Amino acid sequence: SAVISQKPSRDICQRGTSLTIQCQVDSQVTMMFWYRQQPGQSLTLIATANQGSEATYESGFVIDKFPISRPNLTFSTLTVSNMSPEDSSIYLCSVELGTDTQYFGPGTRLTVL
Amino acid sequence: SQKIEQNSEALNIQEGKTATLTCNYTNYSPAYLQWYRQDPGRGPVFLLLIRENEKEKRKERLKVTFDTTLKQSLFHITASQPADSATYLCALPSGAGSYQLTFGKGTKLSVIP
């Protein structure tokens, strides 16, 4: 398994601003994923962030809105840009350890006013 | 893409009884299926993975079945306890050979003392 931490755990932001969420893993992993979970909904994959390549975004998500960095095998960031109230969600990172299972961070609860 | 249906949004059962949750999927037959537990304000926690050539898998009080003909998985918790109260998510690979997961909306289980 893996131990994953996220910062911040929660934040309240003003419309039009940006927030960068950090994800730190306690071991080196190739595959990292970023999800969004809107209130009362399941998880929706935003993008896959593999070290050494550009992030791959799912339909409905674009790099300008959700830029991702993956500088090394233990760390990634997701930025939510030019936020609106519709971006209020829990944002989760996860890693895949080669066993077809994913391990999730605790999530970042974002509220946009 | 894969579509997943979890039978009910909420399930209430009496402590000590067996809880049975259902996950149905459409489209292609996945190589495996997973179940996760999510507590409020936390990230999902991996519970069990069952592969297409396995009919049943057990882990302590948990049992998962996988019927590729019916395109269905059943998740059982025997001798349920109030501590089992949580949302349970079914997840499948998003496509053949994909490491990305598609999640169901989840079933919120409440075990009543």
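Notes on the structure follow.

Thresholds applied
Residues numbered from 1 in each chain as written. Chains lettered and ligands numbered in written order. Predicted model: local features only at pLDDT ≥ 70, side-chain atom pairs only at ≥ 80, totals over all residues. Heavy atoms only, no water. Contact = heavy atoms within 4.5 Å. Buried area = accessible area lost by both parts, 1.4 Å probe. Salt bridge = Lys/Arg side-chain N within 4 Å of Asp/Glu carboxyl O. Polar contact = N/O pair within 3.5 Å; in protein donor to acceptor, adjacent residues only side chain to side chain. Helix = DSSP H or I, 4+ residues; strand = E, 2+ residues; numbered from the N terminus. Nonpolar A, V, L, I, M, F, W, Y, C, P; charged D, E, K, R; others polar. Buried < 20%, exposed > 50% of the residue type's maximum accessible area, 1.4 Å probe, protein only.

Take the interface of chain B and chain A next. Each side of the interface is counted separately: chain B has 18 residues, and chain A has 20 residues. Counting each side, the surface lost to burial between chain B and chain A is near 1,500 Å², with a carbon and sulfur contribution of 54%. Per-residue buried area on chain B facing chain A is highest for B:Tyr99, B:Gln100 and B:Phe103; these three make up 35% of the total on that side. Here chain B is connected to chain A by one salt bridge. B:Arg51 is paired through a salt bridge with A:Asp100; the nearest N and O atoms lie 2.9 Å apart. At the junction of chain B and chain A, the tally comes to eight residue pairs in polar contact (both at pLDDT 80 or more). Elements represented by at least two residues in the side of chain B that touches chain A include exactly strand E4 (32-38), strand E5 (45-51) and strand E10 (101-103) of chain B. With four residues, E4(B) is the largest single contributor of residues to the side of chain B that touches chain A. The residue inventory of the side of chain B that touches chain A, partitioned by class, reads nine nonpolar, six polar and three charged.

This part takes up unusual backbone geometry. Cis geometry marks the peptide bond from A:Lys7 to A:Pro8, where omega comes out at -10 degrees. Relative to the helices and strands, A:Pro8 is located in the loop between strand E1 (4-7) and strand E2 (10-13). Here the phi dihedral of B:Glu60 falls at roughly 55 degrees; this positive angle occurs in a residue that is not glycine. On the basis of relative accessible area, B:Glu60 is assigned to the exposed category, the value being 80%. Phi at B:Ala79 is positive, roughly 45 degrees, even though this residue is not glycine. For B:Ala79, a relative accessible area of 41% gives the class partly exposed.

That is the geometry; function is a separate question.
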